[in-house]
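Chain by chain, the residues run as shown.
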Amino acid sequence: MLITSGSIFAQKKTVYAKSFSTDENTTAIFNLENTTVSIEASTDGEVHFDYSLEFDGYSKKEMEEQLAKIQVEATKFENNITLVSNSVTKISDVTYAYDAPNGLVLDFDGFQNRNDSIVRKSRDSIIKEIRYNAFGKINAPFKYFGARFKTMKENGKLKDIKRSDIKILRSQFHIKIPPYLKLKINGKDAQITMRDDSMNELSVVLKRGYFYAKQLMNEYNSFNIENANLRAEAIAGGTYSFNNISKGLIGSLQNVKINSEFSKIQIGELKEKVSITDFNSEYFFYNWNTDFKRFDLFSEYSKIHLFYPVDHDFSMKVMGNNTKSKYGSKLEVNMQPTSKGEKFNMMERKAKGEGHFSGAIYFDIIHGIIYNYNDTFTKSKL
């Protein structure tokens, strides 16, 4: 199939297409390696697999070589659907290639320096950032996120590349699943995007790659994500294990237990029944629901950026030792352990008893740093 892509003709090849009927007892396992998938809601009670590649600037031989690197097969046995998809090399939504010794270079000279100051982000701004990363980049033009494609000459200088000299590979693997399907995903170097709100019970193990989601709404969800990026507009229910999440953005959390280490995660809004146990991560708690009720953090060697609830009453208590608390750029309070290394009440803010009480914040933290972005608590007497 020939299709028009700007002024260039691209060719679309079907890699795999198959559908299966389901009922409320059907389960599924997706084993994904070096694969990019988009999971959507099915409205006809069937599971659909539709995988195609769009080649722009590739010869017939190059297309055949690329297709030969991909293996995809889906089967159904005793009401369980199994998908196995892997590729010799990683296939992203969009892949650019240039036949030259030094390949492609992204020229970021036009980028403006980002402001490194930390400010409170709204939940909506976090969601906007998530949606751009998840859905905007697939349609990115030749000027990719403001950068221009160039190649490096032998003298080390950059040289502009013509649009017609770039080979572009677009991957579209659409999977549709009914909302009652219980799904397990095993991903390795996989890029997974869930484009609709999901009530499915999900069990996800992902090593390297990324996971993008809208709303995940099942109390039995179980995630184990390692060395990958995470974006979710909302998570309501389940247990989550994060290890080395370098770019974590979550719009809101509710009824969730998280165990994390060596990660960097920004949370737009904390709702009710959230508990985090962490080792050596960096968290940003930007906003609090008017009825968050109780939030627990148990951490060691963590960096916490804490923006306090606004316009409603709350209480806060920090237990632990050997922790620094920073207030702006001038004041720093060091809270050292007792001679026996015991934990003690380091900070406390009692509810004022005025207006609506939203909830209690409880920290149990040692060897950590708390960055405070306003002064709404009083230090406890030891």
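Residues numbered from 1 in each chain as written. Predicted model: local features only at pLDDT ≥ 70, side-chain atom pairs only at ≥ 80, totals over all residues. Heavy atoms only, no water.

Draft legend 1. A look at the overall build of the protein chain. Within the protein chain one finds two helices and 28 strands. The buried share among the 382 residues of the protein chain stands at 46%. For the protein chain, the share of sequence-separated contacts (at least 6 apart) that also reach a separation of at least 24 residues comes to 55%. (Helix = DSSP H or I, 4+ residues; strand = E, 2+ residues; numbered from the N terminus. Buried < 20%, exposed > 50% of the residue type's maximum accessible area, 1.4 Å probe, protein only. Contact = heavy atoms within 4.5 Å.)

Draft legend 2. How the structure looks around the environment of Asn-218. On the secondary structure map, Asn-218 appears in the loop between strand E14 (202–217) and strand E15 (222–243). By relative accessible area, Asn-218 is classed as buried at 13%. Between the C-alpha atoms of Asn-218 and Ile-235, which are 17 residues apart in sequence, the distance is 8.6 Å. Excluding its chain neighbours within four sequence positions, the residues that come into contact with Asn-218 are Met-199, Asn-200, Glu-201, Ala-236, Gly-237 and Gly-238. Among the polar contacts listed, one links the side chain of Asn-218 to the backbone nitrogen of Tyr-220, at a separation of 2.8 Å. (Polar contact = N/O pair within 3.5 Å; in protein donor to acceptor, adjacent residues only side chain to side chain.)

Draft legend 3. Summary view of the environment of Tyr-210. Following the sequence through the fold, Tyr-210 ends up in strand E14. At a separation of 3.3 Å, a polar atom in the side chain of Tyr-210 contacts the side chain of Gln-191.

Draft legend 4. Fine view of the confidence of the model for the protein chain. Scored by pLDDT, the protein chain comes out at a mean of 84, with 78% of its residues at no less than 70. Note that residues 137–147 has pLDDT below 50 and, in this model, 26 contacts with residues that lie over four places away or in other chains. Within the model, pLDDT remains below 50 along residues 375–382, and this stretch shows 22 contacts once partners closer than five positions in the same chain are excluded. (pLDDT = per-residue confidence, 0-100.)

Draft legend 5. Here's a closer look at the pairing of E15. Summarising the sheet, E14 and E15 pair through 13 bridges and their orientation is parallel. Note on E15: the bridge partner recorded for Ser-203 is Ser-222. Here E15 pairs with strand E16 (residues 248–261) via eleven bridges, running parallel. Looking at E16, one finds that Ala-232 is bridged to Ile-250. (Pairing = 2+ DSSP bridges.)

Draft legend 6. Local environment of unusual backbone geometry. One non-glycine residue, Phe-262, adopts positive backbone phi at about 50 degrees. When you line up the elements, Phe-262 lands in the loop between E16 and strand E17 (264–270).

Draft legend 7. Structural context of the side chain of Gln-66. Residue position: Gln-66 is located in helix H1 (residues 60–68). You can call Gln-66 buried: its relative accessible area is 11%. With sequence-adjacent residues up to four places away left out, Gln-66 is seen in contact with Leu-53, Phe-55, Thr-89, Ile-91 and Leu-169.

Draft legend 8. Quick look at the packing of aromatic side chains. Applying the stated criterion across every chain yields a total of 21 aromatic pairs. Their ring planes at 80 degrees and their centres at 5.6 Å tell us that Phe-262 and Phe-279 sit as a pair that is edge-to-face. Taken together, the residues Phe-262 in the loop between E16 and E17 and Phe-279 in strand E18 (residues 274–279) connect sequence positions 17 residues apart. A relative accessible area of 41% means that Phe-262 is categorised as partly exposed. Note on Tyr-286 and Phe-307: the rings are 5.4 Å apart at their centroids and 40 degrees apart in plane angle, and the pair reads as tilted. You can see Tyr-286 sitting in the loop between strand E19 (282–285) and strand E20 (293–300) and its partner Phe-307 sitting in the loop between strand E21 (303–306) and strand E22 (313–321), a full 21 residues away along the chain. By relative accessible area, which is 2% here, Tyr-286 ends up buried. Put simply, the rings of Tyr-283, Phe-285, Trp-288, Phe-292, Phe-295 and Phe-363 touch in pairs and so form one group of aromatic residues. Above the face of the Phe-314 ring, Arg-349 is positioned so that its terminal group lies 4.1 Å from the ring centre. (Phe/Tyr/Trp six-rings, centres within 6.5 Å; stacked < 30°, edge-to-face > 60°. Lys NZ or Arg CZ within 6 Å of the ring centre and 35° of its normal.)

Draft legend 9. Quick peek at the nonpolar core. Judged by nonpolar contacts, the single largest core of 73 residues is most densely connected at Phe-30, Ile-39, Phe-49, Phe-211, Phe-285, Phe-295 and Phe-363. Filtering out sequence-adjacent residues up to four positions away, Ile-39 remains in contact with Phe-30, Ile-175, Ile-177, Leu-183, Ile-185, Ile-192, Thr-193, Met-194, Arg-195 and Asp-196. (Core = buried A, V, L, I, M, F, W, Y, C linked by side-chain atoms within 4.5 Å.)

Draft legend 10. Structural view of the pattern of salt bridges. Scanning the entire structure with this criterion turns up nine salt bridges. Linking Glu-129 and Lys-121 is a salt bridge whose minimum nitrogen-to-oxygen distance equals 3.7 Å. On the basis of relative accessible area, Lys-121 is assigned to the partly exposed category, the value being 25%. Between Arg-294 and Asp-296 there is a salt bridge, and its shortest N-O distance comes to 2.9 Å. In this structure Asp-296 comes out as buried when scored by relative accessible area, which is 15%. (Salt bridge = Lys/Arg side-chain N within 4 Å of Asp/Glu carboxyl O.)

Draft legend 11. Layout of the environment of Phe-173. With respect to the helices and strands, Phe-173 occurs in strand E12 (residues 167–177). By relative accessible area, Phe-173 is classed as buried at 2%. Taking the C-alpha atoms as reference, Phe-173 lies 8.5 Å from Ile-39; in sequence the two are 134 residues apart. The residues touching Phe-173, leaving out its near neighbours within four places in the chain, are Thr-35, Thr-36, Val-37, Ser-38, Phe-49, Asp-50, Tyr-51, Val-72, Leu-83 and Ser-85.

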